[in-house]
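# Residue-level structure breakdown
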Amino acid sequence: MFSKYNICFVGGDRRSISTAEHLKNIGFNVSVLGLNSHGKFTEYNDLQKAIETNNIIILPLPITRDGVLVNTPLSNERYYLSDIIKYKPALILGGIIKGDLKETLKKNGIKYYDYYDSEYLTVKNAVLTAEAALSIAINETDKSIYDSNSVVIGYGRIGKQLAKYLKALGSKVTATSRSEGTLATIESDGIIPLLTENCQNACYNADYVFNTVPYPIFDDDFFEKCSEEMMFLDLATDSKINLSKAQLRHIKCGVYGGLPGKYSSITAGNYIAEEIIKYLNQINKEETT
């Protein structure tokens, strides 16, 4: 059944390679562009030819970092979303298709599916992100998680999973939210609740601070008041938190995006492949009824 699909992956990280391998192993015809696969797949070097030759184009998670170029961390090639639209693929599958891109695809009559709309995949991705963040915290400091003070800013999918892991490892965990209902959930989960707007004081003497909210929340002098022994991990890559003052004080810090692709690419790629297969199975079912 799957052999009727000719798929080309355009861009992506190691998750895309794992997804491609999974799909190839079950019978899909798979090729790549802008994804250094070391000869595992047929590799195109021309975007137009790749689109004209294949009936499905798979874009990465996330599709783009800047809204203009396809996310291609494993390649120096640059592929514009506008060119992909110009060549009119029969079907685009991608992760995080934002509103403006959706509208452009609709206007151009291009069928698309956002595999990251799946609640199953977003939850699994949160688990892998939390695992990776813990790995970084453990391996890049001389402290243990056990008996530490941790602050998790935001209690969405990633924050909740991260707080759960930290608590299980023996950390004293504070988690924040702007919602009173979520604060009640945090407390019922056995974690110290705190309004996000009041989190700065809790962070000053923390061993680990994990930010998961996509907006700046700290005063300009925040890092000047923090312990130099703290580690600050910004998991929300679009938070616009300025880490330069933390770096001046030699506080260990960083912006950590795309962690599943760096730390658990095989598992993450398999999860994406499962969502793609579910979608294509649904299409096949609709076509035969």
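Just so you know, the residues in each chain are numbered from 1, in the order the chain's sequence is written. Per-residue local features of the predicted model are confined to residues with pLDDT of at least 70, and side-chain atom pairs are confined, for both listing and counting, to 80 or more; whole-chain, interface and lining totals are unaffected and use all residues. Where side-chain values are given, they derive from all heavy atoms of the structure, hydrogens and water being excluded.

### Description of the packing of aromatic side chains
The condition is simple: Aromatic rings from Phe, Tyr and Trp, with only the six-membered ring used for Trp, were paired whenever their centres fell within 6.5 Å, and each pair was classed as stacked if the ring planes differed by under 30 degrees, edge-to-face if by over 60, and tilted otherwise. Put simply, DSSP H or I for four residues or longer makes a helix, DSSP E for two residues or longer makes a strand, and each gets a number counted from the N terminus. Note on classification: 1.4 Å probe, protein chains only; a residue is buried when its accessible area is under 20% of the maximum for its type, exposed when over 50%, partly exposed between these limits.
Counted according to the given criterion, the structure contains nine aromatic pairs. Arranged with centres 4.1 Å apart and planes meeting at 5°, the rings of tyrosine 113 and tyrosine 279 form a pair that is stacked. Taken as a pair, tyrosine 113 in strand β6 (residues 111–114) and tyrosine 279 in helix α12 (residues 265–287) lie far apart in primary sequence, 166 residues in all. Residue classification places tyrosine 279 among the buried residues on the basis of a relative accessible area of 14%. Consider the rings of tyrosine 120 and tyrosine 271, whose centres lie 6.2 Å apart with planes at 85°: the pair is edge-to-face.

### Brief notes about empty space enclosed by the protein
To be explicit about the condition: We place a 1 Å grid over just the protein atoms. Points where a 1.4 Å probe fits but has no way out form a cavity, open points with protein on both sides within 12 Å along at least 5 of 7 lines form a pocket, and any residue with an atom within 4 Å of a point lines it. Grid points are joined across faces, edges and corners, and a volume is the space filled by probe spheres set on the points.
One pass over the full model with this rule turns up two cavities of 30 Å³ or more. In this structure, the largest cavity spans a volume of roughly 60 Å³. Lining the largest cavity are Phe9, Gly12, Asp13, Arg15, Ser16, Thr19, Ile58, Leu59, Pro60, Leu61, Tyr115 and Ile272. Of all the elements, helix α1 (residues 14–25) adds the most residues to the lining of the largest cavity, at three residues.

### A few points about helix α7 (residues 180–188)
To keep it simple, the criterion reads: Side-chain atoms alone can form a polar contact between residues adjacent in sequence; in general such a contact is a pair of N or O atoms within 3.5 Å, and within protein one must be able to donate a hydrogen while the other accepts it.
Regarding α7, its N-cap is serine 179, as a side-chain oxygen of that residue lies 3.3 Å from the backbone nitrogen of glycine 181 further along. At the exit of α7 stands glycine 190, carrying a positive phi of roughly 80°.

### As for the environment of leucine 33
Filter applied, for reference: Any pair of residues with heavy atoms lying within 4.5 Å of one another is described as a contacting pair.
Relative to the assigned elements, leucine 33 resides in strand β2 (residues 29–33). Through-space distance from the C-alpha of leucine 33 to that of glycine 12 is 9.4 Å; in sequence the pair is 21 residues apart. In this structure, leucine 33 is in contact with Cys8, Phe9, Val10, Gly11, Tyr44, Asn45, Asp46, Leu47, Ala50 and Tyr79, ignoring residues within four places of it in sequence.

### Considering the sheet that holds strand β5 (residues 91–94)
Put simply, the rule is: The criterion for strand pairing is that DSSP finds at least two bridges linking the strands in question.
With parallel pairing, six strands are arranged side by side in an open sheet as β3-β2-β1-β4-β5-β6. In this open sheet, the two edge strands, each paired with only one partner strand, are β3 (42–43) and β6. Here β5 pairs with β6 via four bridges, running parallel. Across the sheet, residue leucine 91 finds its bridge partner in β6, namely lysine 111.

### Some details on the nonpolar core
This is how the line gets drawn: Side-chain atoms within 4.5 Å link the members of a nonpolar core, which is a set of buried Ala, Val, Leu, Ile, Met, Phe, Trp, Tyr and Cys residues.
In this structure, Phe9, Leu23, Phe28, Ile58 and Leu280 are the most contacted members of the largest nonpolar core, which totals 29 residues. Sequence-distant contacts of leucine 280, that is, excluding residues within four places in its chain, are made with Tyr5, Phe28, Ile56 and Leu91. In this structure, Ala132, Ile136, Val173 and Ile191 belong to the second largest nonpolar core, which totals 24 residues.

### Let's talk about the pattern of salt bridges
Which entries qualify depends on this criterion: Put simply, a salt bridge is a Lys or Arg side-chain nitrogen that is within 4 Å of an Asp or Glu carboxyl oxygen.
In this structure the tally under the stated criterion is 10 salt bridges. One salt bridge in this structure joins aspartate 13 and arginine 15, with 2.9 Å as the shortest N-O distance. Each member of the pair aspartate 13 and arginine 15 is classed as buried. Among the ionic pairs, lysine 278 bridges to glutamate 275, the shortest N-O distance being 3.0 Å. A residue pair is termed a helical-turn pair when its members lie 3 or 4 positions apart in one helix, as lysine 278 and glutamate 275 do in helix α12 at three residues. The exposure class of lysine 278 is partly exposed, given its relative accessible area of 45%. You can call glutamate 275 buried: its relative accessible area is 4%.

### Re the layout of surface pockets
This is how the line gets drawn: Amino acids outside the nonpolar list (Ala, Val, Leu, Ile, Met, Phe, Trp, Tyr, Cys, Pro) and the charged list (Asp, Glu, Lys, Arg) are all regarded as polar, and Gly is one of them.
For the largest pocket, the calculated volume is near 1,100 Å³. Pro62, Ile96, Tyr116, Thr237 and Asp238 are, among the 37 residues lining the largest pocket, the residues nearest its centre. At the level of elements, α3 (81–86), α4 (99–107), α5 (119–139), α6 (157–168) and α11 (259–263) are the ones that each hand at least two residues to the lining of the largest pocket. In terms of residues, the lining of the largest pocket owes the most to one element, α5, which gives four residues. The residue inventory of the lining of the largest pocket, partitioned by class, reads 17 nonpolar, 13 polar and seven charged.

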